[in-house]
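Below are the chains, spelled out letter by letter.
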Amino acid sequence: MTGYILKRLLSAVPVLLGITVIVFLIMAMIPGDPALAILGAYATPENVAKINRDLGLDAPLVARYFIWLGNMLTGDFGTSFSLNRPVIDEVLDRFSATLLLAGTSFVLCSVLGIAAGVISAAKQYGWADKGITFAVLLGISIPSFFLGMMMILIFAVELRWFPVSGMKMAYGGGGFADVANHLVMPAFALAVVATGVVARLSRSAMLEVLRQDFIRTARAKGVREGRVVWGHALRAAMVSIIPVLGIQAGFVLSGAVYIEMVFQWPGVGRMLVDAILKRDILLVQGGVVFVAACYVLFNIAVDVAQSLLDPRIKT
Amino acid sequence: MQFLSLLLRNRLAAAGGVVLSLVLLLALVTPLLPLANPDVTDTANRFLMPGEQGHWLGTDHLGRDLLARLLHGTRLSLAVGFAAAFFAAFFGAAIGIIAGYFGGRTDNLIMRGVDMLMAFPYILLALAIVAALGPGLTNALIAVAAVNVPFFARNIRGVTVGLAHKEFVDAARLAGLGHTRIILTEILPNVIPVIVIAMSTTIGWMILETAGLSFLGLGSQPPQADLGSMLGEARGALITNPHTSVVPGAMILVIVMSINLLGDGVRDALDPRLRSGALTRPMPATRVERKGTIPAEGEGGAVLNLRQLQTQFHVKNRIYKAVGGVDLKVAPGECLGVIGESGSGKSVTALSVMGLVASPPGVITGGAVYFQGQDLVGAPYERLRALRGDKVAYIFQDPLATLHPLYKVGDQLVEAIRVHHPVSRSEARARAVALLKQVRIPNAESRIDSYPHEMSGGMRQRVGIAMALANDPEVIIADEPTTALDVTVQAQILSLLDDLRRERGLAIIFITHDFGVVAQLCDRVAVMYAGRIVETGPTAAVLRAPAHPYTSRLIACVPELGGGRRRLEAIPGLPPAVDRLEPGCAFAPRCLKASAACREGDIALEGPGARAVRCIHPEAELEEGVA
Amino acid sequence: MSTVLKLDGLTKSFPVGKRLLGKPRGVVHAVQPVDLEVQQGETLGIVGESGCGKSTLARMLVGLLPPTDGSIEINGAPLDNADPSEFGKKIQYVFQDPISSLNPRKTIRQVMEAPLKRLHGMNRAARDKRIAEIFASVNLREEFLDRYPHEFSGGQAQRIGIARALAAEASILILDEPVSALDVSVQAQVLNLLADLKKELGLTYLFISHDLAVVEAVSDRVAVLYFGAVVEVGRAEEIFRAPRHPYTQLLANSAPVVGRALTAPEGRETELPDPLNPPSGCAFRARCPHASEICAKEVPQLSGQGHRAACHHPLDQSSATETEVSSQG
């Protein structure tokens, strides 16, 4: 198993490099003088000189890539001119808040989605199935940012159950109760779409599995129906559900951008949008590479989980 | 045509289609409607409520008419969403088909690139693209289309790889077609439904995505507004004037929901598996709808006695009479062979005994199954379950598909024991090892921790047999247990089964299509054709002097080893479809001896002693066979 | 009689555990060097169990797989599959699964027209005439032409598959398990049709099957494949009655035959050798009752006249199969 994890980690290296290449190439599409583009409104002559020196912007494209990559490997993601702060510090602060939000949503969507999918499949065409199918359809059709706004109207403004917004930075204090109180609405709003997708997929994966011969074998053995569904069938269905959970983690991270805007959550998504609007290119670049790299590592964890579940995968 | 009617039959999809058409129509005629200019500001009249001063939906924070902005915004959102879906599908499909068809290094290179793109949470890529190109609706469209290309490419590639290895592609190659022609005429027509399904299920998603970018202020720029940026602008006044937010938000919801409803309908209508009902879940026990009187068991002596059993498949308006009144019985220690071609109903008969016929579409519509004198048809599920695997056990055909791929074989054996007997895990495990030894699996102690895929076909079938033996059942029903195996392995499994039944006095019902197997293993044989037994009797007697023309001609058309080169006696025609059975003998259309009487009413299964035949013109006078 | 098909040292190996760059982890020899000759008008049966390489062999013969080594000669000329429109006229293939060998979205007419158009460049009228002729010869009604594959039964679809192969006017047909997917009553119809066509059109067949009785019934000569190699070749009426290779004998004794008592002709491990890690010498030796030291050292070569076997200890031709069986009981 350790060998397999090492192997997967090793195979992530080219992917990580690929990510940096893609981000670099996209950023190289910016028209005009790169120094001016990167600095935007902060293009004082000193700043231009500094950035030309730091990033080797006079050098050819390939050389620039390696300078950039080399800097990143030493933890230097550049400086945000709009915030006047090292990019990496800002990203780390913001990412912890995003991780809290997205992580909670991810757990919610996995548990609720799989449970809903299994029940829906086991009671195919029954009332539970119809109810869940409709709820799922509504869930995947509603824009998460609209849902978040409506939740604010109902649960914060009308019912006053939860605060509208105002989550402090994760390190800002306030204690567990305060954080949890702020977390409930955004986490649910963010989880809704992903829960719908997971439920849908779990349902069809379960239906597929329930038709398999080995389910008939289990029934022919006299195994109780509850165990047939939640044991034999779900276990086999997890083989196709787990990769989807990996993809959904990406969707939750993506959806977090909208939810952070709606709930004023101090996460990395809001940081990126602000940075784009302020044309703080280095902050965008650093944020994207950092989050994408974390996502790659998460997907390795998903692969490892898959190999633990399925003995047919060669480890 | 069939597609449209299927789509319309789906009420939800039709409703989605109607709503979407209305929205589309409204979007198309928007420029012709007498609406206020959506971009003219009138700050004096900001935040009017719906209905005030002739503004049907009120005004926004700059006093612009919300209805006009809504309709123009809808137009824009739809156009961008559809365009993004089209471009993503086009480029994604092209990449996927090329990678999937050519395979090898081309595939490897392309898919590595796709994997790279998919390694991003998609919005990061979209944000990076917008960051580089600058905010704007066109750039948002490019970003959304670009991040969706990998999804299409991967999906279409998977389908293409499957198709590229299909035999009809090989056949086209042998017919002289080149690569381009094969892609265009063989692959593409089979991929298009998948592309359509993928598009119809993702358009809604793309509309959400472009609206999302606009919501963030990265899409359409003021004063132009799509639904997303309307919502984004309204956010500031969410608490004071919620209607400005609700209007565009609800519109997005309506559009996306109707597209998703329609998309699901399109998918259901195009996917052949959904169409054939292959994705319905079988219930824990076959549905029973018994009409008419329940036949009595009659004379005893049999451990399992099937009386006038009828099982049908109800598929849409058709009724397939898979089993049309079968009488079978098996005594302790006896091996009964049931022989027939595919579609003869032999397997369905076997599965009906314990209610294991998949339902839907299977329904047991008549007859009785007496196990030790008690009728099992219509018995409560819990009673059936208690008997399954404990008193009546099954061995199935394909040992790879019938064992759970993710459980160790030992755990599957232990479960079989513990579900009926409250013994400890270690006790059950010891028993499992003993069972594996009984079925002559070498190194049983270590093999018990193997997964099914780590064993050969023969070893897996031995596990299947061990599982059937786990609770010392009274009856074993073996449904073509050796058909998937090689001939040398088959011989071993058959001899194992033969030894076991003699040692344990098991009653076995052995389903097969092979006369050689029946002859070697079974005491009695029943021949099935079109859901009914046409002849039965002691194996040796039936094989020596078959009485039903079908039996005798079936025996004649199977070549037997050692006969040298020869011409076979083929039976002309095809077995009948069991949803359109004519009255009388089902074999009559293929039978040389058929007379008018054969096509008139029911013919009884009659004969002296153990032998019986369902024929007016039997090949031979029945001699009373001795079992 | 002339040799129409000649295989010389034909070999296929597959790399396993491929990497993007660099060497694969291992190599599986699916087909070991095979030498075979097929005479004009002959049916050569090829028989073997799953995984013996018979389908790989067949796919190489029709150019769907490039051989790793060795040569294929048709009518004395080396096989050249660079130009599919020339190659298809020499040798054709009938597939195991008749339904999946037809494109579900093409009518039968479109399926039939492809070889006529691409291989023979016929115009519309000529094609219609030719299709009518071929359909008559395989006993299919012309009204089938405008239907789609899913409307046909297995037997009908297999006739269509045969008709398509005939349309190419190749003189050699590779029949890869052509009746395995069919029910026995239909199987006999197709086998008889193949026999009639062969006589009428002077075809040469390579008939591949796992069913010994079927192969025996249709073939002039039979080659037995084990673990990718030909272990025995001989006349159909002799090879199972008086096998010389112990594996052929095992096969013959395993086939269920009416009137013969049930025996397990083999008490030992039945697993095939690991293809990634093949044994030295004879691949069958672990299962062979006659194995000796030399079997572990040297790979046996086909030897003998006419009836040839690749065995260091070939069975005596006079000893009949039946006696062997009863002594093992």
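Residues numbered from 1 in each chain as written. Chains lettered and ligands numbered in written order. Predicted model: local features only at pLDDT ≥ 70, side-chain atom pairs only at ≥ 80, totals over all residues. Heavy atoms only, no water.

Identification of chain C as Peptide ABC transporter ATP-binding protein from Pseudooceanicola antarcticus is taken from an unreviewed UniProt entry. Regarding chain C, the relevant UniProt record gives this comment under Subcellular location (unreviewed entry): "Cell inner membrane". Recorded in UniProt under Sequence similarities (unreviewed entry), the annotation for chain C is "Belongs to the ABC transporter superfamily." (UniProt positions renumbered as here; feature names shortened; annotations may be inferred.)

Per an unreviewed UniProt entry, chain B goes by Peptide ABC transporter permease and derives from Pseudooceanicola antarcticus.

Engineer: Mind showing me how you'd approach the sheet that holds strand 6 (residues 91-94) of chain C here?
Structural biologist: Hydrogen bonds along the backbone pair up the strands of a sheet, which may run parallel or antiparallel. Residues and elements named next belong to chain C. Across the sheet, which stays open at both edges, the seven strands sit in the order 6-7-8-3-9-10-11 with mixed pairing between neighbours. Each edge of the open sheet is held by one strand with a lone partner, namely strand 6 and strand 11 (308-309). As paired elements, strand 10 (residues 229-235) and strand 11 share two bridges and run antiparallel to each other. Paired with E232 across the bridge in strand 11 is A309. Lying over the sheet, helix 6 (residues 184-201) contacts strand 3 (43-47), strand 7 (172-176) and strand 8 (204-209), oriented at roughly 160° with respect to strand 8. (Pairing = 2+ DSSP bridges. Helix = DSSP H or I, 4+ residues; strand = E, 2+ residues; numbered from the N terminus. Contact = heavy atoms within 4.5 Å. Axes fitted to C-alpha atoms, helices over the stretch in contact; angles between N-to-C directions.)

Engineer: Just to check I follow, could you spell out the interface of chain B and chain A for this structure?
Structural biologist: Quoted interface sizes are often the accessible area lost when the parts come together. At the junction of the two partners, chain B supplies 81 residues and chain A supplies 80 residues. In this assembly, chain B packs against chain A so that about 7100 Å² is buried in total across both faces, 71% of it on carbon and sulfur atoms. On the surface where chain B and chain A come into contact, there are four salt bridges. Between R200(A) and D264(B) there is a salt bridge whose closest N-O contact spans 2.3 Å. Seen at the junction of chain B and chain A, the total is 24 residue pairs in polar contact (both at pLDDT 80 or more). When contributions to the side of chain B that touches chain A are tallied by element, the ones reaching two or more residues are helix 4 (104-118), helix 5 (122-133), helix 8 (179-215), helix 10 (243-270), helix 13 (381-387), strand 7 (392-395), helix 14 (399-402) and helix 15 (409-418) of chain B. Residue contributions to the side of chain B that touches chain A peak at twelve residues, all from helix 10 of chain B. Classifying every residue of the side of chain B that touches chain A gives 58 nonpolar, 14 polar and nine charged. (Buried area = accessible area lost by both parts, 1.4 Å probe. Salt bridge = Lys/Arg side-chain N within 4 Å of Asp/Glu carboxyl O. Polar contact = N/O pair within 3.5 Å; in protein donor to acceptor, adjacent residues only side chain to side chain. Nonpolar A, V, L, I, M, F, W, Y, C, P; charged D, E, K, R; others polar.)

Engineer: Can you help me understand the packing of helix 1 (residues 2-28) of chain A against helix 5 of chain B in this one?
Structural biologist: Describing two packed helices takes the angle between their axes plus the distance from one axis to the other. Direction vectors running N to C along helix 1 of chain A and helix 5 of chain B enclose 25°, while the axes themselves pass 8 Å from each other. By the angle between their directions, the pair helix 1 of chain A and helix 5 of chain B is classed as roughly parallel. Contacts from I22(A), I26(A) and M27(A) in helix 1 of chain A reach L125(B), A128(B), I129(B), A131(B) and A132(B) in helix 5 of chain B. In the contact of helix 1 of chain A with helix 5 of chain B, the residues fall into eight nonpolar, no polar and no charged. (Parallel < 35°, antiparallel > 145°, perpendicular 65-115°, else oblique.)

Engineer: Explain the UniProt feature "domain: ABC transmembrane type-1" (unreviewed entry) in chain B to me, please; I cannot follow it from the model alone.
Structural biologist: Per the UniProt record, the feature "domain: ABC transmembrane type-1" (unreviewed entry) sits at residues 74-263 of chain B. Spanning residues 74-263 of chain B, this segment combines 83% helix with 0% strand, and its end C-alpha atoms are found 19 Å apart.

Engineer: What's the story with the arrangement of the chains in this structure? I'm lost.
Structural biologist: No other pair of the two pairs of chains in contact has as many contacts as chains A and B. Considering only C-alpha positions, the minimal separation of the non-contacting chain A and chain C is 11 Å.

Engineer: How do you make sense of the UniProt feature "transmembrane region" (unreviewed entry) in chain B when you look at a structure like this?
Structural biologist: Residue and element names in this part refer to chain B. Annotation from UniProt places "transmembrane region" (unreviewed entry) at residues 12-33, 76-102 and 114-134. Here residues 12-33 runs as 82% helix and 0% strand, with 30 Å between its end C-alpha atoms. In the segment residues 76-102, helix accounts for 100% and strand for 0%; the C-alpha atoms at its two ends are 39 Å apart.

Engineer: So what exactly am I meant to see when it comes to a nonpolar patch on the surface here?
Structural biologist: On the surface, M1(A), I5(A), L6(A), L9(A), L297(A) and L308(A) cluster together into a nonpolar patch covering about 550 Å² of accessible area. Counting through the fold element by element, I5(A) comes out in helix 1. (Patch = residues over 30% accessible without salt bridge, like charges linked within 9 Å, V, L, I, M, F, W, Y side chains within 5 Å. Areas by Shrake-Rupley, 256 points an atom, 1.4 Å probe, with all protein chains shown as cover.)

Engineer: Teacher, can you tell me more about the interface of chain C and chain B here?
Structural biologist: Taken together, the contacts link 71 residues of chain C with 61 residues of chain B. Interface area for chain C against chain B, summed over the two sides, is near 5500 Å², with a carbon-plus-sulfur share of 57%. Where chain C meets chain B, there are four salt bridges. The partner of K106(C) in a salt bridge is E186(B), and the shortest N-O contact between them spans 2.4 Å. At the surface where chain C touches chain B, the tally comes to 21 residue pairs in polar contact (both at pLDDT 80 or more). Only helix 2 (84-87), strand 6, helix 3 (108-120), helix 5 (154-167), helix 6, helix 7 (212-218) and helix 9 (246-254) of chain C provide two or more residues apiece to the side of chain C that touches chain B. Broken down by class, the residue content of the side of chain C that touches chain B amounts to 34 nonpolar, 19 polar and 18 charged.

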